[in-house]
Amino acid sequence: MSNINRNNRFVPLIIAVSVIAGIVIGTFFANRFAGNRLNIINSSSNKLNDLLHIIDDQYVDTVDIASIVEQSMPKILEELDPHSAYITVADAQTVNDDLKGSFSGVGIQFVVRDDTVRITNIVKGGPSEKVGIFAGDKIVSVDGKPYVGSVVTNEETLHRLKGEKGTKVKIGVMRHGESKPLTFTVVRGDIPLKSVDATYMLTNTLGYVKIKNFGETTYPELLTSLAELESEGFRGLVVDLRGNGGGYFSAAIQMVNEFLPKNCLIVYTQGRRARREEYRSDGRGSYQRLPLIVLTDETTASASEIFAGAIQDNDRGIIIGRRSFGKGLVQQPIEFSDGSRIHLTIARYYTPSGRCIQKPYVKGQPQEYEMDLITRYERGEFFSQDSIHQTGEAYKTSIGRTVYGGGGIMPDYFVAEDTTALTPYYSEVVSKGIISQFCFDYVDRNREKLQEYTKAIDLEKHLRKQGVVDQFIRYADNKGIKRRNNMIIKSHHLLEQAIYGSIIYNMLDMNDYIQYINTDDKTIKKAIEMFDAHKTKPTIDEQTGTSEDNSGKKKTAFYRATSLNEPKSGQCLA
């Protein structure tokens, strides 16, 4: 019995020694066989942590370590590829609002000019309209405190006017014809951000939809647009993706599904750690046989290219316009505890023919990548199809047409950018904001009369009778823009389009503005021509076509006519 007791006294000691030995042996073999990659990552991250600790502990001056980390994050990610990015807390909310389709605010659109917030538009049915705030009002106070001068910026205005739904903000405004400020208490509410900018009939049988981006509400908005066009008897559709920089991958998949028969490959993704994943049509789309035309340009990117690529590779419709941007990388958002996040590239997406349309890039050189559109312009790609260089591998569509990877979606029918009317005078009045300033002031002075017109065509006729372009030229002269008669004559149509378009947008809405701009759009005219000729279904005998070529015509500064005339440029929504 005594021997048993003596042996039991050593049991705890034996167990402790065994555990320690196990830890030592386990650590040895883990370090030996875990692989160099893990050790490298650990040592590198420790090195960064050590560096920050040393700076914080020993640097000669006080250092804001958090600020250093914030500044370093984007630089680290740009060493990977052009689309991996760091999104700050402040920017994350804006990105979310754009794609979620709404935010909470007061429902105004504004610009900051001469240190003053000028309201350019009121959201219909929004909180500001309900209390009687008008377009043209100038904000002079917020919550009882003056809000004018150098403190007034877009960012500060958004900070003061946006807020939680149901909260109140007191806004003081100066109104044309009033001698004293007017004060309104606005209850913040949900403000919709629509993805579909315009829906209307181009002809008696051809419908048109312009899609700004791909967000949470884009697909239901599209269905609403299609139902509207169906009620008007459309027999074909133009989907305008020019200027559409993308958005949610899933929204593009849902939209393409409406137009493809069952089991067509829409897109697939694949990456180093991401296995190939295919997305196919389910055959439940309501418009599988509807003649379809897709419009693209050099700013059509990402999810827009998924849509265009699926239509082209399945030979479902035709693409008209210019070569798209060329973004074929898939980002996954990863959020940090403070609300900031990174968008990390985890895969590439491939069109149904198997091509990746990501244009070439050099890691760590984002500036060169960002200059690509200017490079395209300078070598004449916007003006001549022969100037386009696609160096990627050749692929075949479903009927055997040749398409290329490695640099965007090449349209089936090329339409050159028309810059024949561009002059230095026009470029100057646009770049300095003189057109938008004049239009705001003109609308402010003539709002009562302009409100009589509810259609763009009638408002345009009225503006022509008023000699508005001549009024603008005198206005620009007073603002220090030298009058250049020959250039004014050459750019007269562009000036008309920009001025009338901006006033139409301010008095009516984006749908009316786009209808007005499209009346003289070469790409729209080409789409109508192809639809009328029953050429919306690709054939193996007819490869890429070419419309009018401006390659021999003089080019001026790098401006896109459509973006120059866009009245929303520089405006914010709160």
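Rules used in this analysis
- Residues numbered from 1 in each chain as written.
- Predicted model: local features only at pLDDT ≥ 70, side-chain atom pairs only at ≥ 80, totals over all residues.
- Heavy atoms only, no water.
- Axes fitted to C-alpha atoms, helices over the stretch in contact; angles between N-to-C directions.
- Helix = DSSP H or I, 4+ residues; strand = E, 2+ residues; numbered from the N terminus.
- Parallel < 35°, antiparallel > 145°, perpendicular 65-115°, else oblique.
- Left-handed = near helix turned anticlockwise from the far one by under 90°.
- Contact = heavy atoms within 4.5 Å.
- Nonpolar A, V, L, I, M, F, W, Y, C, P; charged D, E, K, R; others polar.
- Buried < 20%, exposed > 50% of the residue type's maximum accessible area, 1.4 Å probe, protein only.
- Salt bridge = Lys/Arg side-chain N within 4 Å of Asp/Glu carboxyl O.
- Core = buried A, V, L, I, M, F, W, Y, C linked by side-chain atoms within 4.5 Å.
- Polar contact = N/O pair within 3.5 Å; in protein donor to acceptor, adjacent residues only side chain to side chain.
- Phe/Tyr/Trp six-rings, centres within 6.5 Å; stacked < 30°, edge-to-face > 60°.
- Pairing = 2+ DSSP bridges.
- Right-handed = clockwise from strand over helix to strand, strands pointing away.
- Expected span 1.5 Å × (residues − 1).

**Examining the packing of helix H14 (residues 434–450) against helix H18 (residues 492–507)**
Next up, step 1: The geometry of H14 relative to H18 is characterised by a closest axis approach of 9 Å and an angle of 50° between their N-to-C directions. The angle between H14 and H18 places the two elements in the oblique class. With respect to the hand of their crossing, H14 and H18 are arranged in right-handed fashion. Packed against H14, whose contacting residues are Ile 435, Phe 438, Cys 439, Tyr 442, Val 443, Arg 447 and Leu 450, the element H18 presents Leu 495, Ala 498, Ile 499, Ser 502, Ile 503, Asn 506 and Met 507 at the interface.
Next up, step 2: Each residue belonging to the contact of H14 with H18 can be placed in one class, and the counts come to 11 nonpolar, two polar and one charged.

**Side note on the packing of H18 against helix H19 (residues 510–518)**
Next up, step 1: Axis separation between H18 and H19 bottoms out at 8 Å; the angle between their running directions is 160°. Accordingly, the angle class assigned to the pair H18 and H19 is roughly antiparallel. Read as a crossing pair, H18 and H19 show a hand that is right-handed. Note on element contacts: H19 touches H18 through Met 510, Asp 512, Tyr 513, Tyr 516 and Ile 517, opposite Glu 496, Gln 497, Tyr 500, Gly 501, Ile 504 and Tyr 505.
Next up, step 2: Residues of the contact of H18 with H19, tallied by class, amount to seven nonpolar, two polar and two charged.

**Topic: the side chain of Arg 118**
Next up, step 1: Among the secondary structure elements, Arg 118 is positioned in strand E4 (residues 116–122).
Next up, step 2: For Arg 118, a relative accessible area of 11% gives the class buried.
Next up, step 3: The contact partners of Arg 118, leaving out residues within four places of it in the chain, are Gln 109, Phe 110, Val 111, Arg 113, Asp 137, Lys 138, Phe 440 and Asp 441.

**Digging into the pattern of salt bridges**
Next up, step 1: Here the structure, examined in full by the defined rule, presents 24 salt bridges.
Next up, step 2: Arg 322 is the partner of Glu 298 in a salt bridge, and the nearest nitrogen-oxygen pair spans 2.8 Å. Separated by 24 residues along the polypeptide, Glu 298 in the loop between strand E15 (292–296) and helix H10 (303–313) and Arg 322 in the loop between strand E16 (318–321) and strand E17 (329–335) bring together distant segments of the chain.
Next up, step 3: Where Glu 428 meets Lys 432, a salt bridge forms, and the shortest distance between an N and an O atom there is 3.0 Å.
Next up, step 4: Judged by its relative accessible area of 48%, Lys 432 falls in the partly exposed class.
Next up, step 5: Each of Lys 210, Asp 240, Arg 242 and Asp 521 takes part in salt bridges that share partners, so that together they form one network.

**Observations concerning the nonpolar core**
Next up, step 1: Counting residues in each nonpolar core, the largest one holds 56 residues, and the members touching the most others are Val 429, Ile 435, Phe 472, Leu 495, Ile 499 and Ile 503.
Next up, step 2: Among the elements that take part in this core, H18 stands out by supplying nine residues, more than any other.
Next up, step 3: When near neighbours in sequence (up to four residues on either side) are disregarded, Ile 499 contacts Ile 435, Phe 438, Cys 439, Val 468, Val 469 and Phe 472.
Next up, step 4: Within the second largest apolar cluster, 39 residues are counted, among which are Leu 222, Val 256, Tyr 287 and Ile 306.

**Observations regarding the environment of Glu 221**
Next up, step 1: Mapped onto the elements, Glu 221 comes out in helix H8 (residues 218–231).
Next up, step 2: Sequence separation between Glu 221 and Ile 211 is 10 residues, and the spatial gap between their C-alpha atoms is 9.5 Å.
Next up, step 3: Here Ser 195 takes part through its backbone nitrogen, which lies 2.9 Å from a polar atom of the side chain of Glu 221.

**Remarks on the packing of aromatic side chains**
Next up, step 1: Within this structure, the stated rule accounts for nine aromatic pairs.
Next up, step 2: Aromatic side chains Tyr 200 and Tyr 208 sit 5.1 Å apart centroid to centroid with 50° between the ring planes, which places their arrangement in the tilted category.
Next up, step 3: Residue class for Tyr 208 comes out buried when judged on its relative accessible area of 0%.
Next up, step 4: Consider the rings of Phe 438 and Phe 472, whose centres lie 5.5 Å apart with planes at 75°: the pair is edge-to-face. One end of the pair, Phe 438, is in helix H14; the other, Phe 472, is in helix H16 (residues 468–478), and 34 residues separate them in sequence.
Next up, step 5: We classify Phe 438 as buried; its relative accessible area is 2%.

**Looking at the pairing of E16**
Next up, step 1: Alternating positions in E16 separate into two faces, Ile 318 and Ile 320 on one and Ile 319 and Gly 321 on the other, with burial throughout.
Next up, step 2: For E15 and E16, the ladder comprises four bridges, and the chain directions are parallel. Bridging from a neighbouring strand, Val 294 pairs with Ile 319 of E16.
Next up, step 3: Since E15 and E16 lie parallel, the crossover through H10 that links them has a hand, and here it is right-handed.

**Observations concerning the pairing of E15**
Next up, step 1: Most of E15 is tucked away: five of the five residues are buried.
Next up, step 2: Side chains of E15 alternate between two faces, with Leu 292, Val 294 and Thr 296 and Ile 293 and Leu 295 buried alike.
Next up, step 3: Pairing geometry for strand E12 (residues 236–240) and E15, over four bridges, is parallel. Among the inter-strand pairings, Val 238 is bridged to a residue of E15, identified as Ile 293.

**Concerning H14**
Next up, step 1: Compared with an ideal rise of 1.5 Å per residue, which puts 17 residues at 24 Å, H14 spans 21 Å between its outermost C-alpha atoms and falls more than 12% short.
Next up, step 2: Looking at H14, one finds that the buried residues are Ile 434, Ile 435, Gln 437, Phe 438, Cys 439, Phe 440, Tyr 442, Val 443, Asp 444, Arg 447 and Leu 450.

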